[in-house]
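# Examination of the molecular architecture
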Amino acid sequence: MRGWDFDLTDRCALVRLGPEVSTRDFICGNNGIDAFFRHSYFLYEQELLTKTYAFVTDDEECRIVCIFSVSNDSVKASMLPKRFRNRMQRNIPNSKRMRSYPAVLIGQMGVDRNFKGLNVGSQVLNYIKDWFTHPANKTGCRFLIVDALNEDKVIEFYRKNGFNLVYDSEDEEKEAFMIGPEQYLRQRFMCCDLLR
C-alpha cells in the first residue's frame, strides 16, 4: 500500500483515548513517546493538562494508527525573538495585536510503526489544523505550537507541514528558556499560523 492510498479519515475513527482503548500494542519507535502513551497520558488527563486522541482502524481489529495529545496554550509576543515577532504580527491587523495569542500545543504525537510511510503524520496535522479552524470550534486558536524533538528528521517533518522554528539557533532558544549553554537542547519550539 502506498502512502497516498491510505486516507486516515476514511479508514479510521477518531476516539478519545481512555481505559477502553488499549495502548499496549502501540509502538511508534520512540521510547519516550511509547512510554508516555502506555503509562503516563492518563495522569495528565486526570489533572486536566491534556486531552489525548487516537485514530483507530474501523475494522474488527481496531488497531491504533496514531495517537496525539493537545492542550491549550498561548504564544507570548514578549518571548519571541524580534525577527519572528515582527513577521508573525505583520499578518495581524494593528488593532488586533495582543501580548498573548491563543494557541494549541501538540504535546505528544506518534504513528504506529505498522503505519509508517503512509503519510499518516501529515494527515493528522492537517486534521488538527482543520479541527481548530472549523466554525464549530468552541475557542479561538490562531497558532499550533509544538516542542519538536531536536532531530533533523523531526524538524523537517514539521517544516513540511507549515511549522517554523521560532528561534534561529539553539543558543538563542536556550537563552530564551534559561537553559544552560552546556546543556543539550532536547526540543525545538515550532509554530504554525493557522491563517497562513
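Our subject is the structure that appears above.
So, here is what we can say about the structure in this document. Predicted model only: the values in this text are computed from it and were never measured.

## Here's the deal with the overall build of the protein
A tally of helices and strands in the protein yields 6 helices and 7 strands. Tracing the protein from N to C terminus, the helices and strands come up as α-β-α-β-β-α-β-α-β-α-β-α-β. Projecting the C-alpha coordinates of the protein onto the three principal axes gives extents of approximately 50 × 45 × 35 Å. When burial is assessed residue by residue, the protein has 44% of its 196 residues classed as buried. Partitioning the intrachain contacts of the protein with sequence separation of at least 6 by distance along the chain shows that 69% fall at a separation of at least 24. Roughly 11,700 Å² of accessible area belongs to the protein as shown, and the carbon and sulfur atoms make up 49% of that amount. Seen as two clouds, the 28 positive and the 27 negative side-chain charges of the protein have centres 8 Å apart.

## A few points about the nonpolar core
Ranked by size, the top nonpolar core spans 32 residues in total, and within it Val120, Val124, Leu144, Tyr158 and Phe163 carry the most contacts. Looking at this core, the elements that each hand over two or more residues are β2 (51-57), β3 (64-76), β4 (100-111), α4 (120-133), β5 (143-149), α5 (152-160) and β7 (187-193). In terms of residues, this core owes the most to one element, α4, which gives 5 residues. Setting aside residues no more than four positions away along its own chain, Val120 makes contact with Phe6, Leu8, Val65, Cys66, Val111 and Phe115.

## Quick notes on the side chain of Arg142
Topologically, Arg142 is positioned in the loop between α4 and β5. The exposure class of Arg142 is buried, given its relative accessible area of 15%. A distance of 2.7 Å separates a polar atom in the side chain of Arg142 from a polar atom in the side chain of Asp193. With residues near it in sequence (within four places) discarded, Arg142 still touches Asn91, Ile92, Pro102, Cys192, Asp193, Leu194 and Leu195.

## With respect to a nonpolar patch on the surface
A grouping of Phe42, Leu43, Tyr44 and Leu49 is seen on the molecular surface, where their side chains present a nonpolar patch of about 390 Å² in accessible area. Taking relative accessible area as the criterion, Leu49 reaches 51% and is therefore assigned exposed.

Rules of the game
Residues numbered from 1 in each chain as written. Predicted model: local features only at pLDDT ≥ 70, side-chain atom pairs only at ≥ 80, totals over all residues. Heavy atoms only, no water. Helix = DSSP H or I, 4+ residues; strand = E, 2+ residues; numbered from the N terminus. Buried < 20%, exposed > 50% of the residue type's maximum accessible area, 1.4 Å probe, protein only. Contact = heavy atoms within 4.5 Å. Areas by Shrake-Rupley, 256 points an atom, 1.4 Å probe, with all protein chains shown as cover. Lys, Arg positive; Asp, Glu negative; His and termini not counted. Charge placed at Lys NZ, Arg CZ, Asp CG, Glu CD. Core = buried A, V, L, I, M, F, W, Y, C linked by side-chain atoms within 4.5 Å. Polar contact = N/O pair within 3.5 Å; in protein donor to acceptor, adjacent residues only side chain to side chain. Patch = residues over 30% accessible without salt bridge, like charges linked within 9 Å, V, L, I, M, F, W, Y side chains within 5 Å. Salt bridge = Lys/Arg side-chain N within 4 Å of Asp/Glu carboxyl O.

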